[in-house]
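What follows is each chain in one-letter form.
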Amino acid sequence: MSYPPPGGYGMPQPGGHPYPMGGAPPPLGFDNVAQPNAPYPGGGMPMPAPAPAPYGGPPAAGFPVPGGAPPYSGFGAPPQPMVPPPQPSHGYYQPHHQPAPMPNPSLSFQGAAMATAAFPGHYKAQQGPPMPQPAASSNVSYQQHISYSSQTTVASAPPQTMASSTSQQAPTTTTKPRGRASVVPYSPFDGKKDADVLRKAMKGLGCDSKAIMYLLCTRTNSQRQRIALEYKTMHGRDLIKDLKSELGGHFEDVVIALMTPPEEYDAGLLRKAIKGLGTDEAMLIEILSTRTNAEIIAIKNAYKRLFDRDLEVDISKDTSGHFKKFLISLAQAYRDETDQVDIAKAKQNAEELYKAGEARWGTDESKFNSILASRSYAQLRATFDEYAKICKYDIEESIKREMSGDLKDAMVSVVRVVRNAPAFFAHKLHRSMKGLGTDDSKLIRVIVTRSEIDILDIRDEFARQYGTPLGQFIADDTRGNYKKILLQLIGEKC
(Lines give C-alpha, C1' and ligand atoms only; values in the text may rest on other atoms or scores of the structure.)
Protein backbone atom coordinates (compact mmCIF):
# COMPACT_ATOMS: atom_id res chain seq x y z
CA MET A 1 0.00 0.00 0.00
CA SER A 2 1.48 3.36 -1.09
CA TYR A 3 0.98 6.70 0.62
CA PRO A 4 1.11 10.26 -0.81
CA PRO A 5 4.27 12.33 -0.64
CA PRO A 6 4.53 14.98 2.10
CA GLY A 7 3.40 17.77 -0.22
CA GLY A 8 0.43 15.88 -1.56
CA TYR A 9 -0.25 14.80 -5.09
CA GLY A 10 -1.18 18.21 -6.46
CA MET A 11 -3.81 18.85 -9.08
CA PRO A 12 -3.64 16.90 -12.40
CA GLN A 13 -3.05 18.68 -15.69
CA PRO A 14 -5.74 18.48 -18.39
CA GLY A 15 -5.17 15.38 -20.46
CA GLY A 16 -2.50 14.05 -18.13
CA HIS A 17 -2.49 11.15 -15.77
CA PRO A 18 -5.11 11.43 -12.98
CA TYR A 19 -2.31 11.06 -10.42
CA PRO A 20 0.80 12.89 -11.77
CA MET A 21 3.19 11.31 -9.24
CA GLY A 22 2.73 7.94 -10.96
CA GLY A 23 2.18 6.09 -7.76
CA ALA A 24 -0.83 4.06 -6.72
CA PRO A 25 -3.96 6.04 -5.86
CA PRO A 26 -4.86 6.37 -2.21
CA PRO A 27 -7.09 3.64 -0.75
CA LEU A 28 -10.36 5.55 -0.89
CA GLY A 29 -12.54 2.49 -1.18
CA PHE A 30 -14.44 3.59 -4.30
CA ASP A 31 -17.75 1.79 -4.49
CA ASN A 32 -19.69 1.36 -7.71
CA VAL A 33 -16.70 2.60 -9.82
CA ALA A 34 -16.29 0.92 -13.21
CA GLN A 35 -13.01 -1.03 -13.51
CA PRO A 36 -10.92 -0.94 -16.74
CA ASN A 37 -10.11 -4.09 -18.68
CA ALA A 38 -6.38 -3.88 -17.91
CA PRO A 39 -4.84 -3.07 -14.53
CA TYR A 40 -3.14 0.22 -13.95
CA PRO A 41 0.57 -0.21 -14.84
CA GLY A 42 1.84 1.79 -11.92
CA GLY A 43 0.85 -0.90 -9.41
CA GLY A 44 -1.35 -0.52 -6.36
CA MET A 45 -5.10 -0.11 -6.54
CA PRO A 46 -6.42 -0.08 -10.15
CA MET A 47 -8.05 3.14 -11.28
CA PRO A 48 -10.47 3.74 -14.17
CA ALA A 49 -8.82 5.04 -17.33
CA PRO A 50 -9.97 8.28 -18.99
CA ALA A 51 -12.26 7.78 -21.93
CA PRO A 52 -14.08 10.11 -24.30
CA ALA A 53 -17.51 11.16 -23.22
CA PRO A 54 -20.29 9.02 -24.71
CA TYR A 55 -22.22 12.16 -25.50
CA GLY A 56 -21.37 15.79 -26.06
CA GLY A 57 -21.90 18.77 -23.84
CA PRO A 58 -19.92 20.87 -21.45
CA PRO A 59 -17.99 19.18 -18.66
CA ALA A 60 -20.12 18.36 -15.63
CA ALA A 61 -19.19 19.98 -12.35
CA GLY A 62 -17.05 17.77 -10.17
CA PHE A 63 -15.44 15.68 -12.99
CA PRO A 64 -11.67 16.39 -13.23
CA VAL A 65 -11.21 15.34 -16.88
CA PRO A 66 -12.49 17.19 -19.94
CA GLY A 67 -15.48 15.88 -21.75
CA GLY A 68 -19.16 15.38 -21.11
CA ALA A 69 -20.54 13.97 -17.88
CA PRO A 70 -20.89 10.18 -18.04
CA PRO A 71 -24.25 8.65 -17.29
CA TYR A 72 -22.92 6.95 -14.11
CA SER A 73 -20.21 7.52 -11.52
CA GLY A 74 -16.60 7.30 -12.76
CA PHE A 75 -13.93 9.40 -14.39
CA GLY A 76 -15.51 9.59 -17.83
CA ALA A 77 -15.78 5.84 -18.39
CA PRO A 78 -19.16 4.09 -18.57
CA PRO A 79 -19.48 0.98 -16.37
CA GLN A 80 -18.93 -2.48 -17.70
CA PRO A 81 -22.07 -4.59 -18.31
CA MET A 82 -21.32 -6.80 -15.32
CA VAL A 83 -21.34 -3.84 -12.94
CA PRO A 84 -24.92 -2.65 -12.30
CA PRO A 85 -25.53 1.06 -11.96
CA PRO A 86 -26.27 2.43 -8.49
CA GLN A 87 -29.87 1.92 -7.47
CA PRO A 88 -31.86 4.78 -5.98
CA SER A 89 -32.71 4.51 -2.32
CA HIS A 90 -36.25 3.41 -1.48
CA GLY A 91 -36.25 4.67 2.07
CA TYR A 92 -34.42 6.69 4.65
CA TYR A 93 -31.55 4.22 5.07
CA GLN A 94 -28.81 3.07 2.71
CA PRO A 95 -28.19 -0.69 2.67
CA HIS A 96 -26.20 -1.77 5.70
CA HIS A 97 -23.83 -3.89 3.58
CA GLN A 98 -22.78 -0.81 1.54
CA PRO A 99 -21.81 1.90 4.05
CA ALA A 100 -20.69 5.18 2.61
CA PRO A 101 -16.83 5.25 2.72
CA MET A 102 -14.99 7.91 4.67
CA PRO A 103 -12.08 9.87 3.10
CA ASN A 104 -8.66 8.54 4.05
CA PRO A 105 -7.17 10.80 6.71
CA SER A 106 -3.75 10.57 5.03
CA LEU A 107 -5.05 12.10 1.78
CA SER A 108 -3.87 15.64 1.11
CA PHE A 109 -6.34 18.49 1.13
CA GLN A 110 -6.15 18.91 -2.66
CA GLY A 111 -6.60 15.18 -3.28
CA ALA A 112 -9.53 15.03 -0.88
CA ALA A 113 -11.14 18.03 -2.57
CA MET A 114 -10.77 16.37 -5.97
CA ALA A 115 -12.27 13.09 -4.78
CA THR A 116 -15.07 14.81 -2.93
CA ALA A 117 -16.00 16.90 -5.96
CA ALA A 118 -15.97 13.81 -8.17
CA PHE A 119 -18.02 11.67 -5.82
CA PRO A 120 -20.26 13.96 -3.76
CA GLY A 121 -22.61 11.10 -2.84
CA HIS A 122 -19.79 8.86 -1.54
CA TYR A 123 -17.55 11.25 0.36
CA LYS A 124 -19.50 13.01 3.05
CA ALA A 125 -18.42 13.06 6.64
CA GLN A 126 -21.27 11.50 8.58
CA GLN A 127 -22.00 10.52 12.13
CA GLY A 128 -24.43 7.74 12.93
CA PRO A 129 -26.57 6.18 10.19
CA PRO A 130 -26.23 7.40 6.58
CA MET A 131 -28.39 10.37 5.76
CA PRO A 132 -30.86 10.27 2.85
CA GLN A 133 -30.22 12.35 -0.22
CA PRO A 134 -32.99 14.77 -1.26
CA ALA A 135 -34.82 13.99 -4.45
CA ALA A 136 -33.53 15.74 -7.54
CA SER A 137 -36.96 17.14 -8.34
CA SER A 138 -37.48 18.64 -4.91
CA ASN A 139 -36.96 22.35 -4.38
CA VAL A 140 -36.58 21.84 -0.62
CA SER A 141 -33.16 20.81 0.70
CA TYR A 142 -32.94 19.84 4.35
CA GLN A 143 -31.96 16.89 6.48
CA GLN A 144 -34.23 14.67 8.52
CA HIS A 145 -33.10 13.09 11.78
CA ILE A 146 -34.56 9.74 12.72
CA SER A 147 -35.44 8.98 16.32
CA TYR A 148 -34.79 5.27 16.81
CA SER A 149 -36.78 5.08 20.01
CA SER A 150 -40.04 6.38 18.57
CA GLN A 151 -39.39 6.00 14.83
CA THR A 152 -40.73 9.47 14.22
CA THR A 153 -39.07 11.82 11.79
CA VAL A 154 -38.19 15.31 12.96
CA ALA A 155 -37.30 17.82 10.29
CA SER A 156 -34.64 20.36 11.18
CA ALA A 157 -35.83 22.80 8.49
CA PRO A 158 -38.06 24.16 7.15
CA PRO A 159 -40.84 24.01 9.77
CA GLN A 160 -43.65 24.15 7.23
CA THR A 161 -42.74 20.66 5.98
CA MET A 162 -43.05 19.09 9.42
CA ALA A 163 -46.43 17.56 8.68
CA SER A 164 -45.09 15.64 5.72
CA SER A 165 -42.40 13.89 7.76
CA THR A 166 -44.44 12.80 10.76
CA SER A 167 -47.29 10.38 11.12
CA GLN A 168 -50.68 12.02 10.96
CA GLN A 169 -52.18 12.71 14.35
CA ALA A 170 -55.86 12.47 15.17
CA PRO A 171 -57.44 15.95 15.18
CA THR A 172 -57.79 17.43 18.62
CA THR A 173 -61.39 18.17 19.47
CA THR A 174 -62.66 20.19 22.37
CA THR A 175 -65.73 19.09 24.24
CA LYS A 176 -68.26 21.85 24.78
CA PRO A 177 -69.80 21.87 28.27
CA ARG A 178 -73.25 20.28 28.25
CA GLY A 179 -74.46 22.21 31.25
CA ARG A 180 -73.59 23.40 34.75
CA ALA A 181 -72.03 20.69 36.89
CA SER A 182 -71.71 20.62 40.66
CA VAL A 183 -68.60 18.43 40.58
CA VAL A 184 -65.64 19.91 38.71
CA PRO A 185 -61.94 18.98 38.68
CA TYR A 186 -60.35 19.80 42.04
CA SER A 187 -57.19 21.89 41.93
CA PRO A 188 -54.55 21.49 43.20
CA PHE A 189 -55.16 17.75 43.14
CA ASP A 190 -52.95 15.39 45.15
CA GLY A 191 -54.03 11.77 44.89
CA LYS A 192 -51.58 10.54 47.53
CA LYS A 193 -52.75 13.09 50.07
CA ASP A 194 -56.41 12.25 49.37
CA ALA A 195 -55.66 8.53 49.74
CA ASP A 196 -54.13 9.24 53.16
CA VAL A 197 -57.19 11.25 54.19
CA LEU A 198 -59.51 8.37 53.30
CA ARG A 199 -57.33 5.82 55.07
CA LYS A 200 -57.30 7.89 58.27
CA ALA A 201 -61.08 8.36 58.00
CA MET A 202 -61.63 4.59 58.03
CA LYS A 203 -58.77 3.46 60.28
CA GLY A 204 -59.51 2.32 63.79
CA LEU A 205 -62.86 2.46 65.53
CA GLY A 206 -65.63 4.36 63.83
CA CYS A 207 -65.59 6.16 60.51
CA ASP A 208 -65.26 9.83 59.63
CA SER A 209 -68.18 9.96 57.21
CA LYS A 210 -67.97 13.73 56.90
CA ALA A 211 -64.37 13.58 55.59
CA ILE A 212 -65.28 10.84 53.10
CA MET A 213 -68.34 12.75 51.94
CA TYR A 214 -66.56 16.05 51.43
CA LEU A 215 -63.58 14.54 49.63
CA LEU A 216 -65.55 12.36 47.18
CA CYS A 217 -68.09 15.08 46.37
CA THR A 218 -65.35 17.55 45.43
CA ARG A 219 -63.36 15.24 43.14
CA THR A 220 -64.33 14.16 39.63
CA ASN A 221 -64.68 10.50 38.75
CA SER A 222 -61.30 10.43 37.00
CA GLN A 223 -59.69 11.94 40.10
CA ARG A 224 -61.42 9.34 42.29
CA GLN A 225 -59.97 6.56 40.13
CA ARG A 226 -56.51 8.03 40.68
CA ILE A 227 -57.15 8.16 44.43
CA ALA A 228 -58.17 4.47 44.42
CA LEU A 229 -54.92 3.57 42.63
CA GLU A 230 -52.82 5.61 45.05
CA TYR A 231 -54.70 4.05 47.99
CA LYS A 232 -53.87 0.51 46.88
CA THR A 233 -50.28 1.44 46.06
CA MET A 234 -49.61 3.14 49.39
CA HIS A 235 -51.60 0.92 51.74
CA GLY A 236 -51.98 -2.38 49.88
CA ARG A 237 -55.75 -2.28 50.36
CA ASP A 238 -58.75 -1.99 48.05
CA LEU A 239 -60.55 1.31 48.56
CA ILE A 240 -63.95 0.03 47.40
CA LYS A 241 -63.82 -2.92 49.81
CA ASP A 242 -62.82 -0.67 52.70
CA LEU A 243 -65.66 1.76 51.93
CA LYS A 244 -68.18 -1.07 51.80
CA SER A 245 -66.97 -2.43 55.13
CA GLU A 246 -67.25 0.96 56.85
CA LEU A 247 -70.44 2.36 55.30
CA GLY A 248 -73.99 1.11 54.90
CA GLY A 249 -77.46 1.78 53.56
CA HIS A 250 -78.17 4.22 50.75
CA PHE A 251 -75.20 6.35 51.84
CA GLU A 252 -72.97 3.46 50.83
CA ASP A 253 -74.89 3.12 47.54
CA VAL A 254 -74.13 6.75 46.66
CA VAL A 255 -70.46 6.47 47.61
CA ILE A 256 -69.93 3.29 45.58
CA ALA A 257 -71.74 4.87 42.62
CA LEU A 258 -69.37 7.84 42.85
CA MET A 259 -66.34 5.52 42.92
CA THR A 260 -67.45 3.48 39.89
CA PRO A 261 -66.28 4.58 36.40
CA PRO A 262 -69.31 6.04 34.51
CA GLU A 263 -69.26 3.49 31.69
CA GLU A 264 -69.10 0.59 34.15
CA TYR A 265 -71.88 2.08 36.24
CA ASP A 266 -74.17 2.42 33.20
CA ALA A 267 -73.20 -1.05 31.95
CA GLY A 268 -74.20 -2.47 35.33
CA LEU A 269 -77.53 -0.64 35.20
CA LEU A 270 -78.26 -2.03 31.73
CA ARG A 271 -77.35 -5.55 32.78
CA LYS A 272 -79.65 -5.24 35.78
CA ALA A 273 -82.44 -3.94 33.51
CA ILE A 274 -82.14 -6.95 31.19
CA LYS A 275 -81.17 -9.77 33.52
CA GLY A 276 -83.79 -12.06 35.01
CA LEU A 277 -87.53 -12.09 34.51
CA GLY A 278 -88.95 -9.01 32.89
CA THR A 279 -87.15 -5.99 31.48
CA ASP A 280 -86.81 -2.49 32.86
CA GLU A 281 -87.62 -0.71 29.61
CA ALA A 282 -87.52 2.73 31.26
CA MET A 283 -83.89 2.13 32.27
CA LEU A 284 -82.94 1.12 28.74
CA ILE A 285 -84.67 4.16 27.30
CA GLU A 286 -83.11 6.60 29.76
CA ILE A 287 -79.52 5.48 29.24
CA LEU A 288 -79.56 4.94 25.46
CA SER A 289 -81.46 8.16 24.73
CA THR A 290 -79.37 10.50 26.93
CA ARG A 291 -75.76 9.37 26.43
CA THR A 292 -73.40 10.71 23.79
CA ASN A 293 -71.90 8.57 21.04
CA ALA A 294 -68.60 8.23 22.91
CA GLU A 295 -70.42 7.31 26.12
CA ILE A 296 -72.52 4.63 24.40
CA ILE A 297 -69.43 3.08 22.81
CA ALA A 298 -67.67 3.04 26.19
CA ILE A 299 -70.75 1.45 27.80
CA LYS A 300 -70.87 -1.31 25.16
CA ASN A 301 -67.19 -2.06 25.66
CA ALA A 302 -67.56 -2.10 29.45
CA TYR A 303 -70.61 -4.39 29.16
CA LYS A 304 -68.57 -6.85 27.12
CA ARG A 305 -65.60 -6.63 29.48
CA LEU A 306 -67.58 -6.99 32.70
CA PHE A 307 -70.15 -9.59 31.67
CA ASP A 308 -68.63 -11.20 28.57
CA ARG A 309 -71.84 -10.49 26.71
CA ASP A 310 -72.88 -8.36 23.75
CA LEU A 311 -75.24 -5.55 24.70
CA GLU A 312 -77.04 -5.47 21.35
CA VAL A 313 -77.62 -9.22 21.44
CA ASP A 314 -79.08 -8.99 24.93
CA ILE A 315 -81.33 -6.09 23.91
CA SER A 316 -82.53 -8.07 20.91
CA LYS A 317 -83.40 -11.07 23.08
CA ASP A 318 -85.30 -9.07 25.72
CA THR A 319 -87.24 -6.67 23.47
CA SER A 320 -89.24 -7.02 20.27
CA GLY A 321 -90.84 -5.24 17.36
CA HIS A 322 -90.22 -1.63 16.50
CA PHE A 323 -89.13 -0.89 20.08
CA LYS A 324 -86.25 -3.34 19.69
CA LYS A 325 -85.29 -1.76 16.36
CA PHE A 326 -85.31 1.72 17.89
CA LEU A 327 -83.08 0.68 20.81
CA ILE A 328 -80.67 -1.07 18.46
CA SER A 329 -80.54 2.09 16.34
CA LEU A 330 -79.71 4.20 19.39
CA ALA A 331 -77.06 1.69 20.47
CA GLN A 332 -75.15 2.21 17.20
CA ALA A 333 -73.87 5.58 18.57
CA TYR A 334 -74.18 7.06 15.09
CA ARG A 335 -75.97 10.30 15.89
CA ASP A 336 -74.69 13.47 14.26
CA GLU A 337 -73.32 15.59 17.12
CA THR A 338 -72.57 18.83 15.30
CA ASP A 339 -74.38 22.11 15.92
CA GLN A 340 -74.94 22.90 12.24
CA VAL A 341 -78.55 23.21 11.08
CA ASP A 342 -79.75 22.65 7.53
CA ILE A 343 -83.14 24.36 7.27
CA ALA A 344 -83.92 22.79 3.89
CA LYS A 345 -83.20 19.35 5.32
CA ALA A 346 -85.29 20.16 8.41
CA LYS A 347 -88.26 21.02 6.18
CA GLN A 348 -87.75 17.82 4.19
CA ASN A 349 -87.58 15.64 7.31
CA ALA A 350 -90.62 17.35 8.81
CA GLU A 351 -92.55 16.59 5.64
CA GLU A 352 -91.37 12.96 5.76
CA LEU A 353 -92.48 12.60 9.39
CA TYR A 354 -95.87 14.08 8.56
CA LYS A 355 -96.36 11.74 5.61
CA ALA A 356 -95.21 8.77 7.71
CA GLY A 357 -97.75 9.50 10.44
CA GLU A 358 -100.58 12.01 10.45
CA ALA A 359 -101.00 12.16 6.66
CA ARG A 360 -101.61 8.44 6.13
CA TRP A 361 -103.58 5.50 7.40
CA GLY A 362 -101.28 3.64 9.74
CA THR A 363 -97.74 4.65 10.66
CA ASP A 364 -94.35 4.17 9.03
CA GLU A 365 -92.36 3.65 12.25
CA SER A 366 -89.10 3.14 10.37
CA LYS A 367 -89.13 6.74 9.14
CA PHE A 368 -89.50 8.07 12.70
CA ASN A 369 -86.78 5.65 13.76
CA SER A 370 -84.21 6.76 11.18
CA ILE A 371 -84.71 10.49 11.81
CA LEU A 372 -84.95 10.46 15.61
CA ALA A 373 -81.95 8.14 16.05
CA SER A 374 -79.50 9.81 13.68
CA ARG A 375 -80.09 13.57 13.44
CA SER A 376 -78.25 15.98 15.72
CA TYR A 377 -80.15 17.65 18.56
CA ALA A 378 -79.88 21.03 16.84
CA GLN A 379 -81.17 19.58 13.58
CA LEU A 380 -84.03 17.80 15.34
CA ARG A 381 -85.11 21.00 17.08
CA ALA A 382 -85.29 22.73 13.71
CA THR A 383 -87.20 19.75 12.30
CA PHE A 384 -89.72 19.88 15.15
CA ASP A 385 -90.26 23.59 14.51
CA GLU A 386 -90.87 22.93 10.82
CA TYR A 387 -93.22 20.08 11.69
CA ALA A 388 -95.37 22.43 13.77
CA LYS A 389 -95.84 24.61 10.68
CA ILE A 390 -97.38 21.84 8.57
CA CYS A 391 -99.28 19.87 11.20
CA LYS A 392 -101.84 21.00 13.74
CA TYR A 393 -100.25 18.73 16.34
CA ASP A 394 -96.90 19.10 18.05
CA ILE A 395 -94.36 16.36 17.22
CA GLU A 396 -94.67 14.90 20.74
CA GLU A 397 -98.44 14.82 20.47
CA SER A 398 -98.24 13.19 17.05
CA ILE A 399 -95.96 10.46 18.41
CA LYS A 400 -98.40 9.79 21.22
CA ARG A 401 -101.20 9.55 18.66
CA GLU A 402 -99.29 7.32 16.24
CA MET A 403 -97.22 5.08 18.54
CA SER A 404 -98.02 2.93 21.55
CA GLY A 405 -96.36 1.10 24.40
CA ASP A 406 -92.60 1.13 24.90
CA LEU A 407 -91.94 2.55 21.43
CA LYS A 408 -94.08 5.58 22.25
CA ASP A 409 -92.25 6.09 25.55
CA ALA A 410 -88.84 5.78 23.90
CA MET A 411 -89.57 8.25 21.10
CA VAL A 412 -91.23 10.74 23.45
CA SER A 413 -88.15 10.52 25.68
CA VAL A 414 -85.88 11.38 22.75
CA VAL A 415 -88.07 14.38 21.85
CA ARG A 416 -87.99 15.65 25.43
CA VAL A 417 -84.24 15.19 25.79
CA VAL A 418 -83.66 17.02 22.51
CA ARG A 419 -85.81 19.94 23.57
CA ASN A 420 -84.77 20.26 27.22
CA ALA A 421 -82.59 17.61 28.86
CA PRO A 422 -82.64 19.25 32.34
CA ALA A 423 -86.45 19.24 32.27
CA PHE A 424 -86.41 15.55 31.30
CA PHE A 425 -84.31 14.64 34.34
CA ALA A 426 -86.18 17.02 36.64
CA HIS A 427 -89.33 15.09 35.76
CA LYS A 428 -87.61 11.81 36.66
CA LEU A 429 -86.44 13.19 40.01
CA HIS A 430 -89.93 14.45 40.81
CA ARG A 431 -91.43 11.04 40.05
CA SER A 432 -88.82 9.31 42.23
CA MET A 433 -89.93 11.29 45.31
CA LYS A 434 -93.57 12.01 44.58
CA GLY A 435 -96.19 10.36 46.80
CA LEU A 436 -95.54 7.68 49.37
CA GLY A 437 -92.09 6.17 49.42
CA THR A 438 -89.00 7.04 47.43
CA ASP A 439 -87.48 5.36 44.39
CA ASP A 440 -83.96 5.57 45.81
CA SER A 441 -82.27 3.79 42.91
CA LYS A 442 -83.66 6.32 40.42
CA LEU A 443 -82.86 9.25 42.73
CA ILE A 444 -79.25 8.12 43.17
CA ARG A 445 -78.82 7.26 39.49
CA VAL A 446 -79.93 10.64 38.19
CA ILE A 447 -78.01 12.74 40.71
CA VAL A 448 -74.76 10.77 40.45
CA THR A 449 -74.72 10.44 36.64
CA ARG A 450 -75.57 14.12 36.07
CA SER A 451 -73.37 15.61 38.83
CA GLU A 452 -70.52 16.26 36.37
CA ILE A 453 -72.78 17.31 33.49
CA ASP A 454 -75.82 19.49 34.26
CA ILE A 455 -77.18 18.81 37.77
CA LEU A 456 -77.33 22.53 38.58
CA ASP A 457 -79.49 23.12 35.50
CA ILE A 458 -81.69 20.22 36.57
CA ARG A 459 -82.00 21.70 40.05
CA ASP A 460 -83.14 25.05 38.66
CA GLU A 461 -85.52 23.43 36.18
CA PHE A 462 -87.04 21.36 38.99
CA ALA A 463 -87.87 24.50 41.00
CA ARG A 464 -89.30 26.20 37.90
CA GLN A 465 -91.55 23.28 36.97
CA TYR A 466 -92.77 22.22 40.40
CA GLY A 467 -92.53 25.41 42.46
CA THR A 468 -90.48 23.73 45.19
CA PRO A 469 -86.68 23.57 45.46
CA LEU A 470 -85.13 20.20 44.69
CA GLY A 471 -83.17 20.38 47.94
CA GLN A 472 -86.38 20.60 49.94
CA PHE A 473 -87.80 17.52 48.23
CA ILE A 474 -84.60 15.60 49.01
CA ALA A 475 -84.51 16.77 52.63
CA ASP A 476 -88.12 15.69 53.13
CA ASP A 477 -87.63 12.21 51.61
CA THR A 478 -84.18 11.22 52.94
CA ARG A 479 -82.22 11.44 56.17
CA GLY A 480 -78.76 11.19 57.73
CA ASN A 481 -75.60 10.98 55.68
CA TYR A 482 -77.69 9.84 52.71
CA LYS A 483 -79.49 13.16 52.71
CA LYS A 484 -76.28 15.14 53.26
CA ILE A 485 -74.37 13.60 50.38
CA LEU A 486 -77.28 14.07 47.94
CA LEU A 487 -77.62 17.72 48.95
CA GLN A 488 -73.91 18.26 48.48
CA LEU A 489 -74.03 16.69 45.01
CA ILE A 490 -76.78 19.10 43.87
CA GLY A 491 -74.81 22.07 45.18
CA GLU A 492 -76.85 22.66 48.34
CA LYS A 493 -75.52 23.23 51.85
CA CYS A 494 -76.13 20.36 54.21
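About the cut-offs
- Residues numbered from 1 in each chain as written.
- Predicted model: local features only at pLDDT ≥ 70, side-chain atom pairs only at ≥ 80, totals over all residues.
- Heavy atoms only, no water.
- Helix = DSSP H or I, 4+ residues; strand = E, 2+ residues; numbered from the N terminus.
- Buried < 20%, exposed > 50% of the residue type's maximum accessible area, 1.4 Å probe, protein only.
- Contact = heavy atoms within 4.5 Å.
- Areas by Shrake-Rupley, 256 points an atom, 1.4 Å probe, with all protein chains shown as cover.
- Core = buried A, V, L, I, M, F, W, Y, C linked by side-chain atoms within 4.5 Å.
- Polar contact = N/O pair within 3.5 Å; in protein donor to acceptor, adjacent residues only side chain to side chain.
- Expected span 1.5 Å × (residues − 1).
- Arc of directions from axis to C-beta.
- Phe/Tyr/Trp six-rings, centres within 6.5 Å; stacked < 30°, edge-to-face > 60°.
- Lys NZ or Arg CZ within 6 Å of the ring centre and 35° of its normal.
- Axes fitted to C-alpha atoms, helices over the stretch in contact; angles between N-to-C directions.
- Parallel < 35°, antiparallel > 145°, perpendicular 65-115°, else oblique.
- Left-handed = near helix turned anticlockwise from the far one by under 90°.
- Nonpolar A, V, L, I, M, F, W, Y, C, P; charged D, E, K, R; others polar.

If you tally the helices and strands in the chain, you get 21 helices and 2 strands. Per-residue burial over the chain gives 40% buried out of 494 residues. Taking the contacts inside the chain whose residues are at least 6 apart along the sequence as the reference set, 63% of them involve residues at least 24 apart. Accessible surface, the chain: about 27,500 Å² in total, of which carbon and sulfur atoms supply 54%.

Moving on: the nonpolar core. For soluble globular proteins, the rule of thumb is that nonpolar side chains tend to be buried together. Formed by 90 residues in total, the largest nonpolar core has its most connected members in L198, L239, L243, V254, F326, I399 and I447. If you tally residues by element for this core, the top one is helix α17 (residues 405-433), at 14 residues. V254 has contacts with I444, V448, Y482, I485, L486 and L489, leaving out every residue within four places of it along the chain.

Here the focus is the side chain of R224. With respect to the element layout, R224 can be found in helix α5 (residues 221-235). The exposure class of R224 is buried, given its relative accessible area of 1%. Polar contacts involving the side chain of R224 include one to the main-chain carbonyl oxygen of L258, which spans 2.9 Å. Not counting chain neighbours up to four residues away, the residues in contact with R224 comprise V183, L216, R219, L258, M259 and E452.

Time to look at α5. Taking 1.5 Å per residue as the helical rise, α5 with its 15 residues ought to reach 21 Å, and the 21 Å between its terminal C-alpha atoms agrees with that figure. Among the residues of α5, N221, Q223, R224, I227, A228, E230 and Y231 are the ones counted as buried. Where α5 is buried, its residues contact α3 (191-202), α4 (209-217), α6 (239-246), α7 (249-259) and α8 (262-274). Positioned one or two residues after α5, G236 has a phi angle of 65°, which is positive.

Note the cis peptide between S187 and P188, where omega equals 0°. With respect to the secondary-structure elements, P188 resides in the loop between α2 (162-165) and α3. One non-glycine residue, D308, adopts positive backbone phi at about 55°. Within the secondary structure, D308 sits in the loop between α10 (293-307) and α11 (311-318). In this structure, A333 is a non-glycine residue whose phi angle is positive, near 55°. As for its position among the elements, A333 is in the loop between α12 (321-331) and α13 (343-356). Classification of A333 as buried rests on a relative accessible area of 11%.

Turning our attention to α11. Inspection of α11 places L311, D314 and I315 among the buried residues, and these make up the whole buried set. Along the long axis of α11, the arc covered by the buried residues comes to 100°, so they all point the same way. Its side-chain oxygen placed 3.0 Å from the backbone nitrogen of E312, D310 serves as the N-cap of α11.

A few words now on the packing of aromatic side chains. Taken as a whole, this structure holds 4 aromatic pairs when the rule is applied. Seen from their ring centres, F462 and Y466 are 5.1 Å apart, and the 55° between their planes marks the pair as tilted. On the criterion of helical spacing, the pair formed by F462 and Y466 is a turn pair, its members being 4 residues apart in helix α19 (residues 455-466). Owing to a relative accessible area of 26%, Y466 belongs among the partly exposed residues under this scheme. An angle of 80° between the planes, with centres 5.1 Å apart, marks the rings of F462 and F473 as edge-to-face. With a gap of 11 residues between them, F462 in helix α19 and F473 in helix α20 (residues 470-477) connect regions that are remote in the sequence. Here a set of aromatic residues connected by ring pairs shows up, and it is made of F462, Y466 and F473. If you follow R219 out to its NZ or CZ, it ends over the ring of Y186, 3.7 Å from the centre.

This brings us to the packing of α11 against α12. At their nearest, the axes of α11 and α12 sit 9 Å apart, and the two run at 170° to each other. Between α11 and α12, the crossing angle belongs to the class labelled roughly antiparallel. Remark: the crossing between α11 and α12 carries right-handed chirality. The residues of α12 that touch α11, namely those facing E312, I315 and S316, are K324, L327, I328 and A331. Classifying every residue of the contact of α11 with α12 by side-chain character gives 4 nonpolar, 1 polar and 2 charged.

Treat this as a map of the structure, not an account of what it does.
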